[in-house]
Amino acid sequence: MEDINQLVTIRKEKLKDLYDQGINPYPYGFDRTHQTGDIKKEFDTLEGQNVAVAGRIMAVRKMGKASFCHIQDMQGRIQLYIARDKIGEERYTLFKGLDIGDFIGVTGLVKKTKTGEISVFADSMTLLSKSIRPLPIAKEKEEDGKKIIYDQFSDKELRYRQRYVDLVVNPHVREVFVKRSRIITAMRDFLNKNDFLEVETPVLQPIYGGAAARPFKTHHNALDMTLYLRIANELYLKRLIVGGFDRVYEFAKDFRNEGIDRFHNPEFTQVELYAAYKDYNWLMDFVEQMFNYIANEVNGSPKIHFNGHEIDLTPPWPRLPILEAIQKYTGKDVSSLDENVLKKTAGELNVEVTPDMGVGKIVDEIFGEYVEPHLIQPVFITDHPVEMSPLAKKHRNNPRLVERFEPIIGGKEIGNAFSELNDPIDQRARFEAQMQLRARGDEEAQVLDEDFLRAIEYGMPPTAGLGVGIDRLTMLMTNQPSIRDVLFFPHMRPEK
RNA sequence: GAGCCAGUAGCUCAGCUGGUAGAGCAGCGGCCUUUUAAGCCGUUGGUCCUGGGUUCGAAUCCCAGCUGGCUCACCA
């Protein structure tokens, strides 16, 4: 690619000048003693002390014989005062040739400037890395306590494609991803404290299963066989329950070959966990506690702000069977689960129904249209029709339902759980029903997994299982409107 | 897949009902030892998304396309 960019050309010339002066613009390291945030936090003890800091130059105010600049590290920014008489003429000339985006290391005294800003007054300065491509640098001004940002790097496409730039110049973006990491850490802590074992299972699977979705297909050359990228890890984790690991979980990258929108990315992260000897009632208690724990760890409060709502995750959350929920929000009684009644009801509600849709699907449509958007505060929607849930155990009081729940927060389901089906005869029948759907053209119907059936034929204890979408949970906890805002590198079309 | 919106300098944008392309910031040169959107003086920089059409003349109007964003649909 020809570089028509004059700015890059100029910087490359600067690089050459540096080499000519015997300066290595890419040295091997720098011994820093403090990060920027620590200096600000511990200013009272550090004032007048010598420190060494390093970071990227983000703003600069140059004057004839002294300059100010801000450098940025992982914790934030700090101002440096660079005076010619302090660091020497040669170094000062070097500094004046530097650009926003360059990395430097500085040693010096911690002091406040006349205007009260904590700063490092440099007595030495080292160039740590020369940047040859200009950053789209934003400038900020505070006015009446409000931050006005100029020339913000805001083009969404560029932000997603060049996330490295986004992270450098948009500090709030970094916070989202720090929180994402904390959410996962908190969840892992909570699970470990509750005797769960973190495990890993195959991403490349000869038979995909555990969810209703189309897979990505690939090929293993040496074995000359088709493999699928997993759409879920459910069936493998349950094999481990069979094997005697009573509590397991995995943070899994799953892959689904489907559309992309603000709730869906082709690869996404899901935690699945399984607990032997427990049912879905126990698991609802557990989920409430876990979410409450995470919110407290990450945000310091069980209350979160999402999309203009304040949402309180404090347990207990209401539990509402899906059929009752539909009755409550539409006034229609669909508890008969009669297909004709359901189709008529859907018609009255202007919910589009196609001939191939069964009972479960129609219920799901009505629910999605009339109920789900209203469920802002956390609620467990329970006891779905059996047709939609081939891996869930039948409800102890009603064989047309399963013991399943979905935690719904902010008008969106962010998980799915059930009392796991461990009856091998029933499981085989459910798979066969799915295969019939598949034969009729439902590409998302689940595939019969003979090895999984063999496993549970050996016997699987009663088990409760849960999947939680980490991306959606992060959206919720960080108040982000799109999955692309909680993925470092969301899927994009090829560039150009 | 449908609707709406957008594409002009490295970034953020202006450019009306057609008259030969602008600002701020960044960059470059100069001045400047407490600045913080530092300031002052000077200055470089453009396939106006692409291709057609209308016109004496198109960034601007028309048509087609490309790319992207948002919304809806699809999608656990």
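Keep in mind that what you see is a predicted model, and the values were worked out from it rather than measured.

A. Just the overall build of chain A, in detail. Looking only at helices and strands, chain A has 16 helices and 23 strands in total. Expressed as lengths along the three principal axes of its C-alpha atoms, the size of chain A is roughly 85 × 55 × 45 Å. Counting every position in chain A, which comprises 496 residues, the buried fraction comes to 49%. Intrachain contacts of chain A at a sequence separation of at least 6 include 64% that bridge at least 24 residues. A gap of 6 Å separates the mean positions of the 67 positive and 76 negative side-chain charges of chain A.

B. Quick look at the pairing of strand β4 (residues 103-112). Where strand β1 (residues 50-62) and β4 come together, 7 bridges link them in antiparallel fashion. Each residue of the ladder has a partner; that of V51, found in β4, is G108. The antiparallel hairpin formed by β4 and strand β5 (residues 118-129) contains 5 residues in its connecting segment, where G116 sits at a positive phi of about 90°.

C. Geometry of a negative patch on the surface. A contiguous patch of negative charge, built from E352, D364, E365 and E369, is present on the exposed surface. Relative to the elements of secondary structure, E369 occurs in helix α13 (residues 359-371).

D. Main features of helix α16 (residues 470-478). Within α16, 9 of the 9 residues are buried, leaving the element largely enclosed by the surrounding structure. If you check which residues of α16 are buried, you get I470, D471, R472, L473, T474, M475, L476, M477 and T478. Immediately beyond the C-terminal end of α16, within one or two residues, lies N479, with a positive phi of roughly 55°.

E. Local environment of the nonpolar core. Residues M187, L191, L283, M290, F291, I294 and L473 are the most contacted members of the largest nonpolar core, which totals 41 residues. Breaking this core down by element, the ones donating at least two residues are α8 (171-193), β12 (247-255), β13 (267-276), α10 (280-299), β14 (303-306), β20 (404-409), β23 (463-469) and α16. Top element by residues in this core is α10. It accounts for 11 residues. If we skip the residues at most four places from it in the chain, I294 touches I183, A186, M187, N299, L473 and M477.

F. Looking closely at the packing of α8 against α16. α16 packs onto α8 with a crossing angle of 120° between their chain directions and a minimal axis gap of 10 Å. One element, α8, and the other, α16, form an angle in the oblique class. Judged by the sense of rotation from one axis to the other, the crossing of α8 with α16 is right-handed. Contact with α8, carried on its side by V176, K179, R180, I183, I184 and M187, involves I470, D471, L473, T474, M477 and T478 of α16 and no other residues of that element.

G. Seen up close, the protein's contact with RNA strand B. Looking at RNA strand B, there are 48 residues lining it, with D85, T115, K139, H264 and N416 nearest. In the interface set of RNA strand B, defined as its atoms within 4 Å of the protein, sugar plus phosphate atoms amount to 53%. At 2.4 Å from a phosphate oxygen of RNA strand B is found a side-chain nitrogen or oxygen belonging to K14. The side chain of K114 places a nitrogen or oxygen atom 2.8 Å from a sugar or linking oxygen of RNA strand B. Of all the secondary structure elements, the ones that give two or more residues to the surface near RNA strand B are α1 (6-20), β1, β2 (66-73), β3 (76-83), β6 (139-143) and α6 (156-161). For the surface near RNA strand B, the leading source of residues is α1, giving 4 residues. Of the residues contributing to the surface near RNA strand B, the split by class is 11 nonpolar, 11 polar and 26 charged.

H. Molecular detail of the environment of G64. Tracing the chain through its elements places G64 in the loop between β1 and β2. The residues contacting G64, other than those within four sequence positions of it, are Y92 and K96.

I. Quick look at the pattern of salt bridges. Applying the stated criterion across every chain yields a total of 32 salt bridges. Close ionic contact of E157 with R161 constitutes a salt bridge, the shortest N to O distance being 2.7 Å. Remark: R161 and E157 occur in helix α6; sequence separation between them is 4 residues, near one turn of the helix. Given the relative accessible area of 42%, E157 is considered partly exposed. The closest approach of N and O atoms between E420 and K238, which form a salt bridge, is 2.5 Å.

J. Representation of the sheet that holds β5 within the structure. Reading around the barrel, the 5 strands line up as β1-β2-β3-β5-β4 and close back on themselves, with mixed pairing between neighbours. Sheet twist, expressed as the mean angle between neighbouring strand axes with direction ignored, is 55°. In terms of strand pairing, β2 meets β3 through 8 bridges, oriented antiparallel. Bridge pairing in β3 places S67 opposite I82.

K. Representation of the sheet that holds strand β11 (residues 225-229). Ordered by their spatial adjacency, 3 strands build an open sheet running β9-β11-β10, and the pairing between neighbours is antiparallel. A single partner strand is all that each edge strand has here, and the edge strands are β9 (204-205) and β10 (217-220). The pairing of β10 with β11 spans 4 bridges and is classified as antiparallel. Across the sheet, residue H219 finds its bridge partner in β11, namely T226.

L. Inspection of the domain arrangement of chain A at higher detail. Splitting chain A by domain gives domain 1 (2-129), domain 2 (139-169) and domain 3 (172-486). Computed over C-alpha atoms, the centres of domain 2 and domain 3 are 36 Å apart. Across the boundary between the two partners, domain 2 contributes 6 residues, which contact 6 residues of domain 3. Counting the surface lost from both domain 2 and domain 3, the interface buries some 540 Å², and carbon and sulfur atoms represent 51% of this. Considering only the surface of domain 2 that becomes buried against domain 3, Y160, R163 and L167 emerge as the three largest contributors, covering 72% of it. One can count 0 salt bridges joining domain 2 with domain 3. At the junction of domain 2 with domain 3, the criterion picks out 2 residue pairs in polar contact (both at pLDDT 80 or more). Those elements giving two or more residues to the side of domain 2 that touches domain 3 turn out to be α6 and α7 (163-169). Broken down by element, the residue count for the side of domain 2 that touches domain 3 peaks at 3 residues, all from α7.

Cut-off values and rules
- The numbering scheme is per chain: residues are counted from 1 as the chain's sequence reads.
- By the order in which they are written, chains take letters starting at A while ligands take numbers starting at 1.
- Under the rules for a predicted model, residues below a pLDDT of 70 receive no local features and side-chain atom pairs below 80 are neither given nor counted, while totals for whole chains, interfaces and linings still include all residues.
- Side-chain measures here rest on the full set of heavy atoms in the structure, leaving out hydrogens and waters.
- Runs of H or I in DSSP of at least four residues are treated as helices and runs of E of at least two as strands, each being numbered from the N terminus.
- Residue exposure (1.4 Å probe, protein chains only): buried if accessible area is under 20% of the type maximum, exposed if over 50%, otherwise partly exposed.
- Contact criterion: two residues are considered in contact whenever any of their non-hydrogen atoms come within 4.5 Å of each other.
- Neither His nor the chain termini are counted; the positive set is Lys and Arg, and the negative set is Asp and Glu.
- Taken as the charge location is NZ of Lys, CZ of Arg, CG of Asp or CD of Glu.
- Here, strands pair whenever DSSP counts at least two bridges between them.
- Nonpolar side chains (Val, Leu, Ile, Met, Phe, Trp, Tyr) within 5 Å and like charges within 9 Å form the patches, drawn only from residues with over 30% relative accessible area and no salt bridge.
- Using the Shrake-Rupley algorithm and a 1.4 Å probe, accessible areas are obtained, with residue cover drawn only from the displayed protein chains.
- We count a salt bridge whenever a side-chain nitrogen from Lys or Arg sits within 4 Å of a carboxyl oxygen from Asp or Glu.
- Side-chain atoms within 4.5 Å are what join buried Ala, Val, Leu, Ile, Met, Phe, Trp, Tyr and Cys residues into a set we call a nonpolar core.
- Only C-alpha atoms enter the line fits that serve as axes; for helices the fit covers just the stretch in contact. Angles between N-to-C directions range over 0 to 180 degrees.
- In these notes the angle categories are as follows: under 35 degrees is roughly parallel, over 145 is roughly antiparallel, 65 to 115 is roughly perpendicular, and the rest is oblique.
- Should the near helix be turned counterclockwise from the far one by less than a right angle, the crossing is left-handed, whereas a clockwise turn marks it as right-handed.
- Note on terminology: near, applied to a residue and a molecule or strand, indicates that one of the residue's heavy atoms is within 4 Å of it.
- For the purposes of these results, a polar contact is taken to be a pair of N or O atoms within 3.5 Å, where, inside protein, one atom must be able to donate a hydrogen and its partner to accept one; residues adjacent in sequence count only when each atom of the pair is a side-chain atom.
- Gly counts as polar in this scheme, as do all residues outside two lists: the nonpolar Ala, Val, Leu, Ile, Met, Phe, Trp, Tyr, Cys and Pro, and the charged Asp, Glu, Lys and Arg.
- Start and end points for every domain follow an automatic or database-based domain assignment.
- Reported buried area values correspond to the accessible surface (1.4 Å probe) lost by two parts on association, with both partners' losses combined.

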